[in-house]
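# Structural characterization, general
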Amino acid sequence: MQPVEEDEAVDWLGRPVSCTDCPHEENRRAGLCEFGRSCVFDRRGRRIDRFFAADPAQADRYLDHPYFEVRTLAAKYASPFRLTALIGDAEPDVRAMVALRLPTPRIRGFVGDPDRRVRMTVARRLEGEDLVPLLVDPDYAVRLAAARRAPPALLARVMHDADADIRREAARRVDEHLLPAMAGDEDPTVRLIVAERIRPERLKILASDVDVRVRFTVAERSPVDDLGRFVDDAEEVVREVARLRLQAQGGSDGSGT
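Residues numbered from 1 in each chain as written. Predicted model: local features only at pLDDT ≥ 70, side-chain atom pairs only at ≥ 80, totals over all residues. Heavy atoms only, no water.

## Comments concerning the overall build of the protein chain
Across its full length, the protein chain carries 11 helices and zero strands. In the protein chain, the succession of helices and strands from N to C terminus is α-α-α-α-α-α-α-α-α-α-α. In terms of overall size, the protein chain is more extended than a compact globule, its C-alpha atoms giving a radius of gyration of 28 Å where 257 residues would be expected to give roughly 18 Å. Along the three orthogonal principal directions, the C-alpha set of the protein chain runs to about 95 × 40 × 25 Å. Taken across its 257 residues, the protein chain has 46% of its residues classed as buried. When contacts within the protein chain are restricted to residue pairs at least 6 apart in sequence, those whose partners lie at least 24 apart make up 26%. Once the 42 positive and 47 negative side-chain charges of the protein chain are each reduced to a mean point, those two points are 3 Å apart. (Helix = DSSP H or I, 4+ residues; strand = E, 2+ residues; numbered from the N terminus. Rg over C-alpha atoms; globule rule 2.2 N^0.38 Å. Buried < 20%, exposed > 50% of the residue type's maximum accessible area, 1.4 Å probe, protein only. Contact = heavy atoms within 4.5 Å. Lys, Arg positive; Asp, Glu negative; His and termini not counted. Charge placed at Lys NZ, Arg CZ, Asp CG, Glu CD.)

## Thoughts on the nonpolar core
Nonpolar side chains in soluble globular proteins tend to end up buried together. Ranked by internal contacts, the top residues of the largest apolar core, which has 70 residues, are Phe52, Leu83, Leu134, Met182 and Phe230. Looking at this core, the element that brings in the most residues is helix α7 (residues 140-149), giving six residues. (Core = buried A, V, L, I, M, F, W, Y, C linked by side-chain atoms within 4.5 Å.)

## Quick word on the domain arrangement of the protein chain
Segmentation of the protein chain into domains returns domain 1 (9-102), domain 2 (107-174) and domain 3 (175-251). Domain 1 and domain 2 are separated by 32 Å when their C-alpha centres are compared. Taken together, the contacts link 10 residues of domain 1 with 10 residues of domain 2. In this assembly, domain 1 packs against domain 2 so that about 790 Å² is buried in total across both faces, 63% of it on carbon and sulfur atoms. Taken as a group, Pro92, Arg95 and Ala99 account for 52% of the area that domain 1 buries against domain 2, more than any other trio of residues on that side. Viewed at the interface, domain 2 and domain 1 are joined by two salt bridges. For Arg117, the salt bridge identified is with Asp93, shortest N-O distance 2.9 Å. Across the side of domain 1 that touches domain 2, the residue classes break down as seven nonpolar, no polar and three charged. (Domains from an automatic or database assignment. Buried area = accessible area lost by both parts, 1.4 Å probe. Salt bridge = Lys/Arg side-chain N within 4 Å of Asp/Glu carboxyl O. Nonpolar A, V, L, I, M, F, W, Y, C, P; charged D, E, K, R; others polar.)

## Description of α7
Within α7, seven of the 10 residues are buried, which leaves it mostly tucked inside the rest of the structure. Among the residues of α7, those classed as buried are Ala141, Val142, Arg143, Leu144, Ala145, Ala146 and Ala147. Where α7 is buried, its residues meet α5 (116-123), α6 (132-135) and α8 (164-173). Among the residues of α7, the N-terminal cap falls to Asp139, whose side-chain oxygen and the backbone nitrogen of Ala141 are separated by 2.9 Å. (Polar contact = N/O pair within 3.5 Å; in protein donor to acceptor, adjacent residues only side chain to side chain.)

Shown next as structure tokens:
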């Protein structure tokens with residue numbers, strides 16, 4: 001079989017890889033590794049990964065390898081009981097893999113990791129109150145990952161986050177009784193989500209919104225008795241939805257006809 005990658009087979013120090021002095025001759029004979037395609041000594045991550053995927057039992061032997069890519073991929077396949085030795089590894093890729101595989105009680109210490117990739121990994125795995133520090137993380141991507149994972153009761157902490165993506169996530173899932181506090185958000189897409197979720201009797205607080213999408217949603221969902229204000233809206237689509245709803249209820253459409 002021809003090698004999958006076209007570049008030469010060299011190790012992490014740039015030296016040519018050779019099968020002649022490889023300690024895994026038994027793997028090669030068994031078809032578990034192949035020059036240029038599956039090799040633990042190659043610098044290419046895909047080739048290293050194929051080696052461990054074919055023979056996971058070898059992973060524990062390489063957790064202290066000097067090349068971080070080997071340590072990272074060894075951690076992917078190694079016994080979880082061996083991974084605690086890598087918690088303080090100098091490379092964030094290694095720590096992120098450890099955070100991905102260790103039981104959740106063992107990864108709480110990573111919430112203060114200096115690398116955002118590690119904290120994002122932790123944010124996608126922790127639950128409940130353990131997510132609180134990550135909801136106020138200085139990095140937007142970490143906060144967003146935590147917000148997507150957090151239960152609705154915790155999302156009140158990010159209702160006024162500096163980033164609109166995070167506020168939108170809060171608006172989608174925060175407890176409904178908190179939505180009025182987001183009705184004045186500066187981002188119209190946040191207010192639109194509020195208009196879609198808030199109880200109809202509370203929609204009056206958005207009836208004069210400057211965004212036509214918000215007013216249209218309010219006109220679609222408001223109680224019929226509150227539709228009169230939309231019959232003379234500046235936008236035809238808003239006026240039309242109000243008229244159609246009034247007509248469907250047998251009420252006046254406000255046009256005088």
